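Secondary and tertiary structure notes
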Amino acid sequence: MKHAPPFCSDTEIVELYFARNEQAIRETDAKYGKLCLQISMDIVNSQPDAEECLNDTYLKTWNSIPPTRPASLCAFVCRIVRNLSLNRLRDMRAAKRNRELTLSLQELESCIPLSESSSQLPDLLNDFLASLNKEDRALFVGRYWYARPVQDLAARLDLTSNAASIRLHRIREKLRAYLTERGYRL
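First things first, this report covers the structure right here in the doc. In this convention, every chain numbers its residues from 1, walking through the sequence in written order. Residues qualify for local features only when their pLDDT is at least 70, as the model is predicted, and side-chain atom pairs are given and counted only at 80 or more; totals for whole chains, interfaces and linings, by contrast, use all residues. Side-chain metrics rest on all non-hydrogen atoms present in the structure, leaving aside hydrogens and water.

**Focus: unusual backbone geometry**
Filter applied, for reference: Helix and strand labels come from DSSP, where a helix needs a run of H or I of at least four residues and a strand needs a run of E of at least two; each type is numbered from the N terminus.
In this structure, Pro 66 follows Ile 65 across a cis peptide bond, with omega equal to -15°. Inspection of the secondary structure puts Pro 66 in the loop between helix H3 (47–64) and helix H4 (73–92). That bond from Pro 66 to Pro 67 is cis: its omega, 15°, falls within 30 degrees of zero. Mapped onto the elements of the fold, Pro 67 is located in the loop between H3 and H4. For Arg 20, which is not glycine, the phi dihedral falls at a positive 60°. Inspection of the secondary structure assignment puts Arg 20 in the loop between helix H1 (10–18) and helix H2 (23–44).

So, in structure tokens, the structure goes:
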């Protein structure tokens, strides 16, 4: 039985990018391609569009490294594919809307104005998420990062849709209070 070769480490892949070696893209795809495709599919809900976002992710990664040397290659490519997918979704809105993403962003805007930007906000959100129990964190991330329908999240967590909606509302209220206590203007 033939075994697949082990993945390169993230550091080795980044070094391939710095060496301008195209193997970097193949290694990135082998290691993170499925994850990135799933992130994109959850947002654009279209296999061809998700695949195009994935290809665009590899191009943007190639053009960004160097000079950027990401601390986490996984987080770096996931952020790129998510942003490209959101941009694709915005472009597709004229013809077709992704109702769940629109709803989830509207819900989140009640406690984080999406037009605001702050360099501290990502750290504050990470700290807030770390303070949640595992189930609440999964619910929050599933809804507001992956834009999953409340019904799907409820089923995964063995909750009713109503219970999941109520918990999401309470988590958003906790987030609002958390950010306000730390001086974030809402």
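On we go.
**Some remarks on the state of the cysteines**
Our working rule: Here, a disulfide means two cysteine sulfur atoms that sit within 2.5 Å of each other.
Counted under the stated rule, the structure contains zero disulfides. With no disulfide partner, Cys 36 has as its closest neighbouring cysteine sulfur the one in Cys 78, 4.4 Å distant.

**Comments concerning helix H6 (residues 121–131)**
Stated formally: Each residue is placed in one exposure class: buried if its accessible area under a 1.4 Å probe, protein chains only, is under 20% of its type's maximum, exposed if it is over 50%, and partly exposed if it falls in between. Comment: arc refers to directions from the helix axis out to C-beta atoms. The contact criterion used throughout is that any non-hydrogen atoms of two residues lie within 4.5 Å.
Considered for burial, the residues of H6 that qualify are Leu 121, Leu 124, Phe 128 and Leu 129. All buried residues of H6 fall inside an arc of 135° around its axis, so they share one side. Among the exposed residues of H6, those oriented more than 90 degrees off its buried face are Asp 123 and Ala 130. Tucked into the core, H6 has its buried residues touching helix H7 (134–144) and helix H9 (161–181).

**Quick word on the packing of aromatic side chains**
For clarity, the cut-off: Any two rings among Phe, Tyr and Trp, with Trp reduced to its six-membered ring, count as a pair given centres within 6.5 Å; such a pair is stacked if its planes are under 30 degrees apart, edge-to-face if over 60, and tilted if neither. Geometrically, a charge over a ring is one whose NZ (Lys) or CZ (Arg) sits within 6 Å of the ring centre while staying within 35 degrees of the ring normal.
According to the stated counting rule, one finds five aromatic pairs in the structure shown. With centroids separated by 6.2 Å and ring planes inclined at 70°, the aromatic side chains of Phe 128 and Phe 140 adopt a geometry described as edge-to-face. Separated by twelve residues along the polypeptide, Phe 128 in helix H6 and Phe 140 in helix H7 bring together distant segments of the chain. Its relative accessible area of 2% is what places Phe 128 among the buried residues. The buried category is assigned to Phe 140, whose relative accessible area is 7%. In this structure an aromatic cluster arises from ring pairing among Phe 128, Phe 140, Tyr 144 and Tyr 178. Of note, Arg 148 hangs over the ring of Tyr 146, and the distance from its end group to the ring centre comes to 4.5 Å.

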